[in-house]
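# Close look at the chain arrangement
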Amino acid sequence: MNAIRKHLIQPIVDLWSLIVGLKVTGKFFCDKQVTVHYPRKVVRNEDLLAYRGHVELTPNPKDPVKPKCIACGMCAMYCPSNCLTVVKPKPPKPTPEEQKAIEEAKARGEKPKEPKAPREPVSFTYDYTLCSLCATCVENCPAGALRFSNDIYLAGSSRKDFFYDLLARLKGQAEKATKAGGAAKPAAEPAAAKPAS
Ligand code: SF4
Ligand code: SF4
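Calculation rules
Residues numbered from 1 in each chain as written. Chains lettered and ligands numbered in written order. Predicted model: local features only at pLDDT ≥ 70, side-chain atom pairs only at ≥ 80, totals over all residues. Helix = DSSP H or I, 4+ residues; strand = E, 2+ residues; numbered from the N terminus. Rg over C-alpha atoms; globule rule 2.2 N^0.38 Å. Buried ≥ 20, exposed ≤ 12 C-beta atoms within 10 Å, placed from the backbone. Contact = placed C-beta atoms within 7 Å. Near = placed C-beta within 6 Å. Nonpolar A, V, L, I, M, F, W, Y, C, P; charged D, E, K, R; others polar. Core = buried A, V, L, I, M, F, W, Y, C linked by C-beta atoms within 7 Å. Pairing = 2+ DSSP bridges. Axes fitted to C-alpha atoms, helices over the stretch in contact; angles between N-to-C directions.

Along the chain, the regular secondary structure elements total 5 helices and 7 strands. Start at the N end of the chain and walk to the C end: the helices and strands fall as α-β-β-β-α-β-α-β-α-β-β-α. For the chain, whose C-alpha radius of gyration is 28 Å, the value lies well above the compact-globule estimate of 16 Å for 197 residues. Based on the C-alpha atoms only, the size of the chain along its principal axes is roughly 105 × 45 × 35 Å. Here the chain holds 197 residues, and the buried ones make up 16% of them. Put simply, of all contacts in the chain between residues at least 6 apart along the chain, 77% involve residues at least 24 apart.

Turning to the site of ligand 1, a few remarks are in order. Taken together, Cys 69, Ile 70, Ala 71, Cys 72, Gly 73, Met 74, Cys 75, Val 86, Cys 141, Ala 143, Ala 145 and Leu 146 make up the full set of residues near ligand 1. A class-by-class count of the residues in the shell around ligand 1 yields 11 nonpolar, 1 polar and no charged.

Counting 19 residues, the largest nonpolar core has Leu 57, Cys 137, Leu 146 and Leu 166 as its most contacted members. At 3 residues, the largest contribution of residues to this core is made by helix H5 (residues 166-179). Once residues lying within four places of it in the same chain are set aside, the contact partners of Leu 146 are Val 55, Leu 57, Thr 58, Cys 75, Cys 137, Val 138 and Cys 141.

So, about unusual backbone geometry. Leave glycine aside and you will find that most residues have negative phi; peptide bonds, for their part, are mostly trans. Omega for the bond connecting Tyr 38 with Pro 39 falls within 30 degrees of zero, at 5°, which places this linkage in the cis form. On the secondary structure map, Pro 39 appears in the loop between helix H1 (2-30) and strand E1 (55-57). A positive phi angle is found at Ala 135, which is not glycine, with a value near 80°. Inspection of the secondary structure assignment puts Ala 135 in the loop between strand E5 (123-127) and helix H4 (136-140). The exposure class assigned to Ala 135 is partly exposed, which follows from the 19 C-beta atoms found within 10 Å.

With that settled, the discussion passes to the pairing of E5. Taking every second residue as pointing to the same face, the buried face of E5 carries Phe 124 and Tyr 126, while none of Ser 123, Thr 125 and Asp 127 on the other face is buried. Where strand E4 (residues 84-87) lies against E5, 4 bridges are found, and the strand directions are antiparallel. When the bridges of E5 are listed, Val 86 appears paired with Phe 124. Note that E5 and strand E7 (residues 163-165) share 3 bridges and pair antiparallel. Each bridged residue has a counterpart across the sheet, and for Thr 125 the counterpart in E7 is Asp 165.

Glancing now at the sheet that holds E5. Read from one edge to the other, the open sheet built from 3 strands follows the order E4-E5-E7, with strand pairing classed as antiparallel. Each end of this open sheet is capped by a strand with a single partner; those strands are E4 and E7. Averaged over all pairs of adjacent strands, the angle between their axes in this sheet comes to 15°, without regard to strand direction. Contacts from H5 reach E5 and E7, with the element oriented near 60° to E7.

And the structure:
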């Protein structure tokens, strides 16, 4: 009985398994190709609309070199992986005239009007090696200043290659777009975060 199983039944089972595997291979071989032969071909921008790449800053529509970010720090506070570091600007020192006005206001018991800090962050860095792409930062930004990039061709030789200065990146994107004579935004609008269900 064992000999029949070994020399007859088992080869039939193995052959059937091979046929099933070849059927699957044949089906996908004949189907429309969904991958590209990189680097001879690249993914079309219109196919990246739902792609969730690393986090990046969105440009200010009035001045694309600058971010929409108002340096509130909420993204860094909510990020579960501590990927984001936002350095807020300090208010400028009051001029002698302003200082005098502040002291006079204080003497009158009024609330002095002190110089306000600029809204734009001094620096905005991001460690992609820690990011889980959870979208918490994107969804909680009150200014709509964060989004996922469509940057898919990433390569590096050390972790440091994935530590991003997002302000410098935004500036580089805007300058590149200006040189190309186009709008200062990525070729394809990156994926918006979908609320967690
Ligand atoms: S990106 Fe958004 S949440 Fe983060 S500091 Fe800027 S405005 Fe605040
Ligand atoms: S996507 Fe998530 S893990 Fe990545 S930076 Fe934003 S909050 Fe942090």
